Amino acid sequence: MTSAASPALPSAAAPVSRSRSGGAKRVLPGFHLTLGYTLLYLCLIVLIPLTTLVFKTFTMSWEQFWEAVTAPRVLASYRLTFGASFLAALANLFFGLLVAWVLVRYKFPGKKIVDALVDLPFALPTAVAGISLTALLAGNGWIGQYLEPMGIKLAFTPAGVVVALIFIGLPFVVRTVQPVLEDTEKELEEAATSLGATRWQTFRLVILPSIMPALLTGFAMAFARAIGEYGSVIFIAGNMPMVSEITPLVIIGKLEQYDYQGATAVALVMLVFSFLMLLVINALQSWQRKRGASA
């Protein structure tokens, strides 16, 4: 006498649930619905505000626009913003590589703490960073009181702007280069050493070419981040027109004076440059992925 058949249990090799069309059942809604929500979100958060900025600028004539974006005070702010951002990104290119190298290649007590400190500029409010740097570098600060007697004045000068931008841009280089350094094959370095290469030759001919795309990407990200920085700079810059005034502060000043057209004109220039930097970063990341795939 046979017993009643028990319900069949799915075997380990049984396929996951299928949709009516026979394909794997998606966790999220279908492509059309997901794409619709994505486009709606991007329009509300990004495209509509930026489009409003562009349309507001178009209410000006070309002469008014050119006069607004090429005023002497605005040009001076361009020179400081882009120049200080470039110098800070160059400094982070060197020191970011150094920090990433130490975190990847060496073991030492407190390594996890140092690794966490790298991300501190991400979590710290930029205004807090600006106040802290000003307290350190001012004439009566812990460090500034020793530097100013030697003729080195950092606070309330363009040099202080560079210091603040170095602080906020360092994590971009470190976090971009660090995973690439971890993936580099040490066997190539050992082979170069066994063939008689010096340490500098090994770094220049073996290591540097493999991490160059990541270095350039980190440099571009730190540069782009520094261009739009505001909170950490206004406290240490001194904000003197034609001397230590950054472009975001010029935009804020025009808004406070109800010069909305002038503010949007200068903001449009920054928007165009930021978009160009975004294209450069995407191109560098694509180059980095292609090199990683061909390696």
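Details of the structure are given in the entry above.
Please read all numbers here as calculations on a predicted model, not as lab measurements.

1. Quick notes on the overall build of the protein chain
Now for step 1: The helix and strand tally for the protein chain stands at 13 helices and zero strands.
Now for step 2: Reading the protein chain from its N terminus to its C terminus gives the helix and strand order α-α-α-α-α-α-α-α-α-α-α-α-α.
Now for step 3: Counting only contacts in the protein chain whose residues sit at least 6 apart along the sequence, the fraction spanning at least 24 positions is 75%.

2. Here's the deal with the nonpolar core
Side chains of nonpolar character tend, in soluble globular proteins, to be buried together.
Now for step 1: Counting 41 residues, the largest nonpolar core has Val 177, Leu 181, Ile 211 and Leu 215 as the members making the most contacts within it.
Now for step 2: Within the residue set of this core, elements represented by two or more residues are α2 (62-69), α3 (72-105), α8 (158-183), α10 (199-227), α12 (247-256) and α13 (260-294).
Now for step 3: The leading source of residues in this core is α10, at 10 residues.
Now for step 4: Not counting the four nearest positions on each side in its chain, Leu 181 is found in contact with Leu 97, Ala 100, Trp 101, Val 104, Arg 105, Ile 207 and Ile 211.
Now for step 5: Counting residues in each nonpolar core, the second largest holds 21 residues, with Leu 154, Val 162, Val 233 and Ala 237 among its members.

3. Quick notes on the side chain of Glu 229
Now for step 1: When you line up the elements, Glu 229 lands in the loop between α10 and α11 (231-237).
Now for step 2: Looking at Glu 229, the relative accessible area reads 3%, which means it is buried.
Now for step 3: Setting aside residues no more than four positions away along its own chain, Glu 229 makes contact with Thr 126, Leu 165, Ile 168, Ile 246 and Pro 248.

4. Things to note about the packing of helix α9 (residues 186-194) against α10
Now for step 1: Their axes nearest at 10 Å, the elements α9 and α10 cross at an angle of 145°. Here α9 runs over α10; the crossing is right-handed. Taken together, the residues of α10 that come into contact with α9 (itself represented by Leu 188, Glu 189, Ala 192 and Thr 193) are Thr 202, Val 206 and Ile 207.
Now for step 2: Of the residues that constitute the contact of α9 with α10, the class distribution is four nonpolar, two polar and one charged.

5. With respect to the packing of aromatic side chains
Now for step 1: Counted by the stated rule, this structure contains 13 aromatic pairs.
Now for step 2: A ring pair is formed by Tyr 78 and Phe 82, whose centres lie 6.3 Å apart and whose planes are at 50°; its orientation type is tilted. Taken together, the residues span about one helical turn, with Tyr 78 and Phe 82 both in helix α3 at a distance of four residues.
Now for step 3: On the basis of relative accessibility, which here comes to 11%, the residue Tyr 78 falls in the buried class.
Now for step 4: Overall, Phe 82 belongs to the buried group, its relative accessible area being 18%.
Now for step 5: Among the aromatic residues, those joined into a cluster by ring pairs are Tyr 78, Phe 82, Phe 86, Phe 219, Phe 223 and Phe 273.
Now for step 6: The side chain of Arg 105 reaches across the aromatic face of Trp 101, ending 4.5 Å from its centre.

6. Here we look at the pattern of salt bridges
Now for step 1: Under the counting rule described, the total for this entry stands at five salt bridges.
Now for step 2: Glu 229 is paired through a salt bridge with Arg 225; the nearest N and O atoms lie 2.5 Å apart.
Now for step 3: Overall, the relative accessible area of 30% leaves Arg 225 in the partly exposed class.
Now for step 4: A salt bridge links Asp 259 to Lys 254; the shortest N-O distance between them is 3.7 Å.
Now for step 5: Looking at Asp 259, the relative accessible area reads 31%, which means it is partly exposed.
Now for step 6: The class for Lys 254 is buried, based on a relative accessible area of 15%.

7. Points about the side chain of Thr 157
Now for step 1: Relative to the assigned elements, Thr 157 resides in the loop between α7 (144-147) and α8.
Now for step 2: On the basis of relative accessibility, which here comes to 15%, the residue Thr 157 falls in the buried class.
Now for step 3: A distance of 3.3 Å separates the side chain of Thr 157 from the backbone oxygen of Lys 153, its partner in a polar contact.
Now for step 4: If we ignore the near neighbours within four places in the chain, the residues touching Thr 157 are Ile 236, Ala 237 and Ser 244.

8. Focus on α2
Now for step 1: Residues of α2 that are buried: Phe 65, Ala 68 and Val 69. End-on view of α2: buried residues confined to an arc of 85°, all on one side of the axis. The exposed set on the far side of α2, more than 90 degrees from its buried face, consists of Glu 63 and Glu 67.

9. Some words on the environment of Gly 228
Now for step 1: Tracing the sequence through the fold places Gly 228 in the loop between α10 and α11.
Now for step 2: Its relative accessible area of 51% is what places Gly 228 among the exposed residues.
Now for step 3: In this structure the C-alpha to C-alpha distance between Gly 228 and Ile 246, which are 18 residues apart in sequence, comes to 9.4 Å.

10. A short note on the packing of α8 against α10
Now for step 1: The contact between α8 and α10 brings their axes to 8 Å, and the two run at 150°. Regarding the angle of α8 to α10, the classification is roughly antiparallel. In this structure, α8 meets α10 at a crossing whose hand is right-handed. Residues Leu 165, Ile 168, Gly 169, Phe 172, Val 173, Thr 176, Val 177, Val 180 and Leu 181 of α8 form the contact with α10, whose participating residues are Ile 207, Ser 210, Ile 211, Ala 214, Leu 215, Thr 217, Gly 218, Phe 219, Met 221, Ala 222, Arg 225 and Ala 226.
Now for step 2: Residue classes in the contact of α8 with α10 are distributed as 15 nonpolar, five polar and one charged.

Parameters at a glance
Residues numbered from 1 in each chain as written. Predicted model: local features only at pLDDT ≥ 70, side-chain atom pairs only at ≥ 80, totals over all residues. Heavy atoms only, no water. Helix = DSSP H or I, 4+ residues; strand = E, 2+ residues; numbered from the N terminus. Contact = heavy atoms within 4.5 Å. Core = buried A, V, L, I, M, F, W, Y, C linked by side-chain atoms within 4.5 Å. Buried < 20%, exposed > 50% of the residue type's maximum accessible area, 1.4 Å probe, protein only. Axes fitted to C-alpha atoms, helices over the stretch in contact; angles between N-to-C directions. Left-handed = near helix turned anticlockwise from the far one by under 90°. Nonpolar A, V, L, I, M, F, W, Y, C, P; charged D, E, K, R; others polar. Phe/Tyr/Trp six-rings, centres within 6.5 Å; stacked < 30°, edge-to-face > 60°. Lys NZ or Arg CZ within 6 Å of the ring centre and 35° of its normal. Salt bridge = Lys/Arg side-chain N within 4 Å of Asp/Glu carboxyl O. Polar contact = N/O pair within 3.5 Å; in protein donor to acceptor, adjacent residues only side chain to side chain. Arc of directions from axis to C-beta. Parallel < 35°, antiparallel > 145°, perpendicular 65-115°, else oblique.

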